[in-house]
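Residue-level listing of the chains:
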Amino acid sequence: RNGQLLVTAEPAPAQLLAPPSPANVNVAAASNGAVATASTTLSTFDASNANNGDHVGNAGPWVDDTSNAYPDWVQVEFAGLKTIGEIDVFGLQQNYSNPIQPTLTMTSSYALTNFEVQYWNGSAWLTIPGATASGNNLVWRKFTFNAVATSKIRVSITGALAGYSRLTEVEAYTPAAANNPPSVSLTAPAAGAPFTAPATVNFAATAGDTDGTVTSVAFFANGAQVGSDATSPYTFPWSNVASGTYNL
């Protein structure tokens, strides 16, 4: 109108891109320095198979409860004090001679029917709230909980199908690291600022990330990107802008 454009500097919802949070770490893995032991093992089965990273196979340990009264247990001691928020317990699959990657709904007639997952608080074993299975027939049980700091965990088994406590793997994961999103604010032009077309509209913005870095800021007009800047202070001269009303 009259050769002018009107800038409505009310920023649309910011498009904030942040790197993914670091993956959880399985601190119960032998490759991370953890050591597995068991109350007793059947025949040639070795307790070290409980944290060798293979929750598909049938290498055990199979805890022999025919000669030892319940509870049976498999323990994993970490390489020092660790903070954990998830524990996964795996049992023997139905088709143990040709096992596949288990799912959370896979069942087996060799499952651990009754067990609880415990952690060492420095002086005693405590049951992790919610980490108890009763009447279970699932191959894979995943327990998530409010994080606890401990040096070791234990699966205490009080019931199993088909004669033996057939546990194949135990995993314990640290909580994923927090990743706060970045923030951005458009500081120029001012809301409702008029320009004479063809115009140069100078964008300016501030941006930051409390636990990361900002690699660039992109500038949009009516939903379409018109420019970007990778260096703070973040600016961009949008030139040859035709008459109209624009939301930046």
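Residues numbered from 1 in each chain as written. Predicted model: local features only at pLDDT ≥ 70, side-chain atom pairs only at ≥ 80, totals over all residues. Heavy atoms only, no water.

Observations regarding empty space enclosed by the protein
This structure, assessed with the given rule, holds 1 cavity of 30 Å³ or more. Around the largest cavity, the lining residues are Val89, Phe90, Gly91, Ala111, Leu112, Phe115, Asn136, Leu138, Val139 and Arg141. Put simply, the parts of the chain that give the lining of the largest cavity at least two residues each are strand S4 (72–91) and strand S5 (112–120). At 3 residues, S4 tops the list of elements feeding residues into the lining of the largest cavity. Looking at the lining of the largest cavity, its residues break down into 7 nonpolar, 2 polar and 1 charged. (1 Å grid on protein atoms, 1.4 Å probe; cavity = no way out; pocket = protein on both sides within 12 Å on 5 of 7 lines; lining within 4 Å. Points joined across faces, edges and corners; volume = space filled by probe spheres on them. Helix = DSSP H or I, 4+ residues; strand = E, 2+ residues; numbered from the N terminus. Nonpolar A, V, L, I, M, F, W, Y, C, P; charged D, E, K, R; others polar.)

Quick notes on the nonpolar core
Counting residues in hydrophobic clusters, the biggest one holds 31 residues, and the most contacted among them are Phe78, Ile84, Ile87, Val89, Phe115, Ile153 and Leu167. Elements with a contribution of two residues or more to this core: strand S2 (35–38), S4, S5, strand S6 (125–133), strand S7 (140–160) and strand S8 (165–173). The biggest single contributor to this core is S7, with 7 residues. In contact with Ile84, not counting residues within four places along its chain, are Val27, Phe78, Phe145, Ala147, Val148, Thr150, Ile153, Ala172, Tyr173, Thr174 and Pro175. Among the nonpolar cores identified, the runner-up in size contains 12 residues, and Val201, Tyr234, Val241 and Leu248 belong to it. (Core = buried A, V, L, I, M, F, W, Y, C linked by side-chain atoms within 4.5 Å. Buried < 20%, exposed > 50% of the residue type's maximum accessible area, 1.4 Å probe, protein only. Contact = heavy atoms within 4.5 Å.)

Concerning the pairing of S2
Burial along S2 is one-sided: the residues Ala36 and Ala38 are buried and none of Val35 and Thr37 is. Pairing geometry for S2 and S4, over 4 bridges, is antiparallel. Across the sheet, residue Thr37 finds its bridge partner in S4, namely Gln75. (Pairing = 2+ DSSP bridges.)

Structural notes on the sheet that holds strand S9 (residues 183–188)
Strands sit in the order S9-S11-S14 across an open sheet of 3 strands; the sheet is antiparallel. Whereas interior strands pair on both sides, the edge strands pair on one side only; in this sheet they are S9 and strand S14 (234–241). Here the average twist between neighbouring strands, direction ignored, is 25°. (Axes fitted to C-alpha atoms, helices over the stretch in contact; angles between N-to-C directions.)

Comments concerning the side chain of Asp209
One can find Asp209 in the loop between strand S11 (199–208) and strand S12 (217–221). Lys82 is the oppositely charged side chain nearest to the buried, salt-bridge-free Asp209, at an N-O distance of 25 Å. Every residue in contact with Asp209, bar those within four places of it in the chain, is listed here: Asn180, Pro181, Pro182 and Val214. (Lys, Arg positive; Asp, Glu negative; His and termini not counted. Salt bridge = Lys/Arg side-chain N within 4 Å of Asp/Glu carboxyl O.)

Some thoughts on the confidence of the model for the protein chain
Residues at a pLDDT of 70 or more form 88% of the protein chain, whose mean pLDDT is 87. The least confident element of the protein chain, judged by mean pLDDT, is strand S1 (residues 4–8) at 61; the most confident is S5 at 97. The model gives residues 11–21 a pLDDT under 50, and that stretch makes 14 contacts with residues more than four places away or in other chains. (pLDDT = per-residue confidence, 0-100.)

Observations concerning unusual backbone geometry
The residue after Ala188, namely Pro189, is reached through a cis peptide bond having omega 5°. In this chain, Ser232 is followed by Pro233 through a cis amide linkage whose omega measures 0°. As for its position among the elements, Pro233 is in the loop between strand S13 (224–229) and S14. A positive phi angle is found at Asn222, which is not glycine, with a value near 50°.

Let's talk about the packing of aromatic side chains
Summed over all chains, the structure comprises 9 aromatic pairs. Consider the rings of Phe115 and Phe143, whose centres lie 6.1 Å apart with planes at 80°: the pair is edge-to-face. Residue Phe115 is found in strand S5, and its partner Phe143 is found in strand S7; the two are separated by 28 residues along the sequence. Summarising the burial analysis for this pair, Phe115 and Phe143 share the class buried. Residues Phe203 and Phe219 carry aromatic rings whose centres are separated by 4.9 Å and whose planes lie at 45° to one another, so their mutual orientation is tilted. One end of the pair, Phe203, is in strand S11; the other, Phe219, is in strand S12, with 16 residues separating them in the sequence. (Phe/Tyr/Trp six-rings, centres within 6.5 Å; stacked < 30°, edge-to-face > 60°.)

With respect to the pattern of salt bridges
Any two side chains of opposite charge can pair, on the condition that their charged atoms come close. A complete count under the given rule lists 2 salt bridges for this structure. Of the charged contacts, one joins Glu86 and Lys142 as a salt bridge, the two residues approaching to 3.0 Å between their closest N and O atoms. With Glu86 in strand S4 and Lys142 in strand S7, this pair connects stretches of sequence that are 56 residues apart. Of the charged contacts in the structure, one is a salt bridge between Asp88 and Lys142, with a shortest N-O distance of 3.2 Å. Of this pair, Asp88 sits in strand S4 while Lys142 sits in strand S7, and the two are 54 residues apart along the sequence. On the basis of relative accessibility, which here comes to 1%, the residue Asp88 falls in the buried class. Here the salt bridges share partners, and the residues they tie into one network are Glu86, Asp88 and Lys142.

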